[in-house]
Amino acid sequence: DTGVSQNPRHKITKRGQNVTFRCDPISEHNRLYWYRQTLGQGPEFLTYFQNEAQLEKSRLLSDRFSAERPKGSFSTLEIQRTEQGDSAMYLCASSYGVDEQYFGPGTRLTVT
Amino acid sequence: AQKVTQAQTEISVVEKEDVTLDCVYETRDTTYYLFWYKQPPSGELVFLIRRNSFDEQNEISGRYSWNFQKSTSSFNFTITASQVVDSAVYFCALSEGYSGGGADGLTFGKGTHLIIQP
């Protein structure tokens, strides 16, 4: 069990550029979650997959954000036309069914 | 709507002191789950405990203990004989419904920054 992994760990991009993050969940976990965390705040839920199906999206997930989980394994989160307000830590978590969620180390995005 | 309040923004204690982190939650559901996570300086959230709304038994795990009281909607976390390695941000979180792990995602409080001074 290698835990949840996320790549890249850090990303600096210019405003208006597109970025994509990857999350590899714990291998036997069928649920995968994306959260966003800004400085001094708790994580905020963005979206959730059960296997390959995206079942829930938060109001925080604007049209510029899209997430996929092809084949129910790894997931990608893409942000198009980044804005400075998108600067945050993007966290991925996974769980097996209704068990507790385990988090990855996060991808820190800085938009300049 | 669900909400988690951690009123203590920062707590600083001297090593070996006991410390309690408060968590108050709001939910309309009768079935829900409460969680505590630790976020050390390295940044990765570490799962500590999950408790469902039907189990009000207090739990102890080593130096950690949790007190769940539905009457006051609180789920407090106590560290006994604190150590410098306990320094971290601690988050309380809530999940509504039967999903347990949170089909709608977890709702987190803003966290309490715990500083243990040597």
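Refer to the structure printed above.
In this text, all values refer to a predicted model and were calculated from it rather than measured experimentally.

Caption draft 1: Looking closely at unusual backbone geometry. A cis amide bond links N7 of chain A with the next residue in sequence, P8 of chain A, at an omega value of -10°. With respect to the element layout, P8 of chain A can be found in the loop between strand 1 (5–7) and strand 2 (10–13). Within the chain, N51 of chain A stands out as a residue other than glycine whose phi angle is a positive 55°. Among the structural elements, N51 of chain A can be located in the loop between strand 5 (44–50) and strand 6 (53–57). Judged by its relative accessible area of 34%, N51 of chain A is partly exposed. For S73 of chain B, which is not glycine, the phi torsion reads 50° and is therefore positive. Tracing the chain through its elements places S73 of chain B in the loop between strand 8 (64–69) and strand 9 (74–79).

Caption draft 2: Seen up close, the interface of chain A and chain B. Facing 20 residues of chain A, the contacting portion of chain B comprises 20 residues. Taken together, both faces of the contact between chain A and chain B bury some 1600 Å²; the carbon and sulfur share is 52%. It is V98, E100 and F103 of chain A that lose the most area in chain A upon contact with chain B, and together they represent 29% of the buried surface on that side. For the interface between chain A and chain B, the tally reads zero salt bridges. For the interface between chain A and chain B, the tally reads three residue pairs in polar contact (both at pLDDT 80 or more). When contributions to the side of chain A that touches chain B are tallied by element, the ones reaching two or more residues are strand 4 (31–37), strand 5 and strand 10 (102–103) of chain A.

Caption draft 3: Fine view of the pairing of strand 11 (residues 107–111) of chain A. Residues and elements named next belong to chain A. Only one face of strand 11 is covered, namely the face carrying T107, L109 and V111; the face carrying R108 and T110 is uncovered. Relative to strand 11, strand 2 runs parallel, the two being bridged by four bridges. When the sheet's bridge partners are listed, K11 is paired in strand 11 with L109. Across three bridges, the pairing between strand 9 (residues 88–95) and strand 11 is antiparallel. Opposite A88, over in strand 11, you have L109 as the bridge partner.

The rules we used
Residues numbered from 1 in each chain as written. Chains lettered and ligands numbered in written order. Predicted model: local features only at pLDDT ≥ 70, side-chain atom pairs only at ≥ 80, totals over all residues. Heavy atoms only, no water. Helix = DSSP H or I, 4+ residues; strand = E, 2+ residues; numbered from the N terminus. Buried < 20%, exposed > 50% of the residue type's maximum accessible area, 1.4 Å probe, protein only. Contact = heavy atoms within 4.5 Å. Buried area = accessible area lost by both parts, 1.4 Å probe. Salt bridge = Lys/Arg side-chain N within 4 Å of Asp/Glu carboxyl O. Polar contact = N/O pair within 3.5 Å; in protein donor to acceptor, adjacent residues only side chain to side chain. Pairing = 2+ DSSP bridges.

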